[in-house]
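Take a look at the letters that make up each chain.
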Amino acid sequence: QVQLVESGGGLVQSGGSLKLSCVASGNIFDAWGLAWYRQAPGKERELVAAISGGGGTVYSDSVKGRFTISRDNAKNTVYLQMSSLKPEDTAKYYCNAGTYYNDEYYGMDYWGKGTLVTVSL
């Protein structure tokens, strides 16, 4: 069993910054990949960023250069630093655990409950 708990969401103005955190617990290992997904109202859930156990990262084109994913294995925590936020970044952000291989992320069915990010004009 893997448990993931996100925090850090909120309301921010366009151009602002926010940092999300996700604490993992249970049978999770440092070698696992961790990722952030998001789902906006009426849209499908999409991968935002992923990080390997060794620190390799991938980003969606829509956030590249604005968001940074990182992890602290000692704290079993993955972060998402979001900068230059836009209204289209408004969504519920979810943490996921999975496999990171050859710069590809393969999510497993381990999800947190999400944290809501709202970016106003």
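The paragraphs below set out a description of the structure included in this document. (Residues numbered from 1 in each chain as written. Predicted model: local features only at pLDDT ≥ 70, side-chain atom pairs only at ≥ 80, totals over all residues. Heavy atoms only, no water.)

Moving on: the state of the cysteines. Considering all chains together, one arrives at one disulfide under this definition. A sulfur-sulfur separation of 2.2 Å characterises the disulfide bridge that pairs Cys-22 with Cys-95. One quick way to see it: the torsion about the S-S bond of Cys-22 and Cys-95 is about -90°, and its sign makes the bridge left-handed. Taken together, the residues span a long stretch of sequence, with Cys-22 in strand S3 (residues 18-26) and Cys-95 in strand S9 (residues 91-101) at a distance of 73 residues. Residues Cys-22 and Cys-95 agree in their burial class; the two are buried. (Disulfide = S-S within 2.5 Å. Helix = DSSP H or I, 4+ residues; strand = E, 2+ residues; numbered from the N terminus. Buried < 20%, exposed > 50% of the residue type's maximum accessible area, 1.4 Å probe, protein only.)

Moving on, we come to the packing of aromatic side chains. The tally for this structure, following the rule as stated, stands at five aromatic pairs. Between the aromatic rings of Tyr-94 and Trp-111, the centroid separation amounts to 6.4 Å while the plane-to-plane angle is 90°, which identifies the pairing as edge-to-face. Of the two residues, Tyr-94 sits in strand S9 while Trp-111 sits in strand S10 (residues 104-111), which places them 17 residues apart along the sequence. By relative accessible area, which is 11% here, Tyr-94 ends up buried. Of the residues examined, Trp-111 reaches a relative accessible area of 32% and is grouped as partly exposed. Members of the aromatic cluster, joined through ring pairs, are Tyr-37, Tyr-94, Tyr-105 and Trp-111. Seen from the ring of Tyr-79, Lys-19 lies directly overhead, with NZ or CZ sitting 4.6 Å from the centre. In this structure, Arg-45 packs its charged tip against the face of Tyr-94, placed 3.8 Å from the ring centre. (Phe/Tyr/Trp six-rings, centres within 6.5 Å; stacked < 30°, edge-to-face > 60°. Lys NZ or Arg CZ within 6 Å of the ring centre and 35° of its normal.)

Now for the environment of Lys-64. Structurally, the position occupied by Lys-64 is in the loop between strand S6 (57-59) and strand S7 (67-72). Spatially, the C-alpha atoms of Lys-64 and Tyr-79 are 15 Å apart, while their sequence positions differ by 15 residues. Within polar-contact distance, the side chain of Lys-64 engages the side chain of Asp-61 at 3.2 Å. (Polar contact = N/O pair within 3.5 Å; in protein donor to acceptor, adjacent residues only side chain to side chain.)

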